[in-house]
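So the chains spell out like this:
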Amino acid sequence: MATSLPPSHEPLDDQSQPQPLEKRAVVSSFIFNFKDGKPLVALFKRSDKVRTYCGHLAPISGSISSDDRDPLAAAWRELSEETGLNTSNLTHWRTGKPFTFSDPSAGREWTVHPFAFLYNANTPKESTAKEEQPSFKIDWEHTGWEWHPPSAILNEELSPTVPRLKDSFRRVWFEGDLRSERAVKILATGLERLRNDHESGSQELTTIALMIFRDFLVQTQNGMDAQWWANVRMAAWHMVKNGRESMGAATMNALVGVLAELDDILHHDENHNHSPGRNNNHSDEQKWERMLAVLDHHLASRKSRATQVKDAFTHYIRYHFLHHGEPRDKLTILTVSASSTIRDSILDAYASLDIHLLELRVLESRPLFEGASIASSLISNFKSRFADTPHKNLRVKVYTDASAAIAAAGVDLLLLGVDRLSATRGVSNKTGSLPAALCTRHVSPDAQIVVLSDLEKINGAPSVIDDDKHEDNSPLEVMTTWRSDGVKGVSVLEEGMKAAAGPGGSKQYDTSNSAATVDVENIYFEWVPLHMVDAFVSEEGVMDEGRIREKSEQLGNKVDKFFLDL
């Protein structure tokens, strides 16, 4: 409720000075429904029982509590409580960039975390939006709801609404800010492509992201004003946050590197370029050409960076395992990664060094079995590369994930790739990396634990990519193998999963009745602490923890420059 202000004729003493605003972090969840390809957004009328903004139209909102592991978990909880919807009829679609504003009338300083969800309705095509009545079970906080087109929110045609509704909405619906429909389509389809790519490594995803960003930029060539620059930066933010966030550190750093050069082109000597008598249109054309050249250069230079990483790994192997340049009969490497950089670095080092037998041990890496894939790829590349090379032999052993300790016995080094490198959390890599590291330390204490990564993968902005958030994936990926192998009791587990159904990521169980519930967890990535790693091999050579923290701070400053004020 709005606070009561003292009458103007009453003098204010020290005790009646304005009180500090209460800081409150909230989620703001927009539910989208696409009818015949056209978007509609659900807005809810707040009842007179809520404390703030009674009678105002709003998305589903609520405070982020200390029990919420992240804002998205709070969003799912509020959706479940206020609409009865969960992952069976909603899909998390987009995350918007948080923002803060003050409302003295409510006595609050709000930090809003916007989200967009897709309503998964199986309704007849001939039904209209007003005829369709989704299974929204609104609670006491609302008196009703309606579908509205995005334009009604963006043009502020609705009244009354909660404060800054338009600003919150724009952060998940970038379509309203972009002037080009082709740019909208490229960005929207590009985000879907990145989000659904579970095969490419972070390097490949970053290359794809840069190509999408270049295509997007080409379609915005209608002016380079302040709004255009804000749109370009926000598009980059969406590609990091709403692409494949768990593997987005490399994408973030690559895009920030591009933005830094675009910023220099856009603003360097701007007064001179727009001075009287100068052909400013021609100047803008030159800027466009230089901007596209920047992106082309970044795409082309990615290959040379990978070469530098591979060369640094070869040097590391020579220094640590080939003493005084003497030949070595056998080198045994254990890996968990399905990275092409890992594969190529191993083969390059083997080709350059006098090692007779390379024994490569690979964990199978369920549920997608990337270990089997990289083992196959290594054998194929070895056969084509070393067909005419005498005294070069490769022995590949594939182990189940559960036999990590057996696989680690007698190895010379455990070689891990990186999807994200954090100065505080460590190395984020495929699940199974931490057991492999722990087993290696226990059964082969003299072995080296080596991380192979370029510096792009350092997460310098945990405010953008949350190191505490993990990526949940479909349990069907795990259960498909059980079904195909005829594992007994799968149907019983499926029934238990139905009993546990709740808002995504935050399970809510009915404890009023006796029930057996089941969760099948399918988490792709886990953290290996920095202190467990003997060497971080990058394009700049071998780094230590101090160097990683220094790089993280530098990258964080760059990210803040381009994203903080959006």
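- Going by an unreviewed UniProt entry, the protein carries the name Nudix hydrolase domain-containing protein and comes from Aspergillus aculeatus.

## A closer look at the nonpolar core
Then comes step 1: Counting 52 residues, the largest nonpolar core has Phe213 and Phe563 as its most contacted members.
Then comes step 2: Of all the elements in the fold, those that place two or more residues in this core are helix 4 (181–196), helix 5 (202–218), helix 6 (226–241), helix 7 (249–267), helix 9 (280–321) and helix 16 (545–563).
Then comes step 3: Counting residues per element, this core draws most heavily on helix 7, which supplies 10 residues.
Then comes step 4: Lining this core are residues from two domains, each supplying at least three of them: domain 2 (176–270 + 281–302) and domain 3 (306–464 + 526–564).
Then comes step 5: With near-sequence residues (within four places) excluded, phenylalanine 213 lies in contact with Val232, Ala236, Met239, Leu255, Val258, Leu259, Leu262 and Leu295.

## With respect to the pairing of strand 16 (residues 525–528)
Then comes step 1: Neither face of strand 16 is left uncovered, since the one carrying Phe525 and Trp527 and the one carrying Glu526 and Val528 both have all their residues buried.
Then comes step 2: With four bridges connecting them, strand 14 (residues 426–430) and strand 16 associate as antiparallel partners. The residue of strand 16 that forms the bridge with asparagine 429 is glutamate 526.

## Comments concerning unusual backbone geometry
Then comes step 1: The amide bond that connects serine 159 to the next residue, proline 160, takes the cis arrangement and shows omega of -10 degrees.
Then comes step 2: Structurally, proline 160 can be placed in the loop between helix 2 (150–154) and helix 3 (165–170).
Then comes step 3: For glutamate 156, which is not glycine, the phi dihedral falls at a positive 55 degrees.
Then comes step 4: By secondary structure assignment, the location of glutamate 156 is in the loop between helix 2 and helix 3.
Then comes step 5: Judged by its relative accessible area of 59%, glutamate 156 is exposed.

## What to know about helix 6
Three- or four-residue spacings in an α-helix give side chains the same orientation, since the helix completes a turn every 3.6 residues.
Then comes step 1: Its 16 residues place the ends of helix 6 23 Å apart at the C-alpha level, agreeing with the 22 Å of an ideal helix rising 1.5 Å per residue.
Then comes step 2: Burial within helix 6 is extensive, with 13 of its 16 residues counted as buried.

## As for the side chain of threonine 220
Then comes step 1: Residue position: threonine 220 is located in the loop between helix 5 and helix 6.
Then comes step 2: In this structure threonine 220 comes out as buried when scored by relative accessible area, which is 10%.
Then comes step 3: Reaching out from threonine 220, the side chain makes a polar contact with the side chain of tryptophan 228 at a distance of 3.0 Å.
Then comes step 4: Discounting chain neighbours no more than four positions away, the residues touching threonine 220 are Ala183, Trp228 and Trp288.

## Notes on the side chain of arginine 195
Then comes step 1: Its place among the elements puts arginine 195 in helix 4.
Then comes step 2: In this structure the side chain of arginine 195 is engaged in a polar contact, spanning 2.7 Å, whose partner is the side chain of glutamate 192.
Then comes step 3: With near-sequence residues (within four places) excluded, arginine 195 lies in contact with Trp93, Asn242, Gly243 and Arg244.

## So, the environment of glutamate 540
Then comes step 1: Take glutamate 540: it is sitting in the loop between strand 17 (535–538) and strand 18 (541–543).
Then comes step 2: Judged by relative accessible area, glutamate 540 falls into the partly exposed class, the value being 45%.
Then comes step 3: A C-alpha to C-alpha distance of 9.6 Å links glutamate 540 and arginine 305, two positions 235 residues apart in sequence.
Then comes step 4: With sequence-adjacent residues up to four places away left out, glutamate 540 is seen in contact with Leu455, Arg547 and Lys551.
Then comes step 5: In terms of polar contacts, glutamate 540 uses its side chain to reach the side chain of arginine 547, at 3.0 Å.
Then comes step 6: Of the polar contacts made by the side chain of glutamate 540, one reaches the side chain of lysine 551; its length is 3.3 Å.

Thresholds applied
Residues numbered from 1 in each chain as written. Predicted model: local features only at pLDDT ≥ 70, side-chain atom pairs only at ≥ 80, totals over all residues. Heavy atoms only, no water. Core = buried A, V, L, I, M, F, W, Y, C linked by side-chain atoms within 4.5 Å. Buried < 20%, exposed > 50% of the residue type's maximum accessible area, 1.4 Å probe, protein only. Helix = DSSP H or I, 4+ residues; strand = E, 2+ residues; numbered from the N terminus. Domains from an automatic or database assignment. Contact = heavy atoms within 4.5 Å. Pairing = 2+ DSSP bridges. Expected span 1.5 Å × (residues − 1). Polar contact = N/O pair within 3.5 Å; in protein donor to acceptor, adjacent residues only side chain to side chain.

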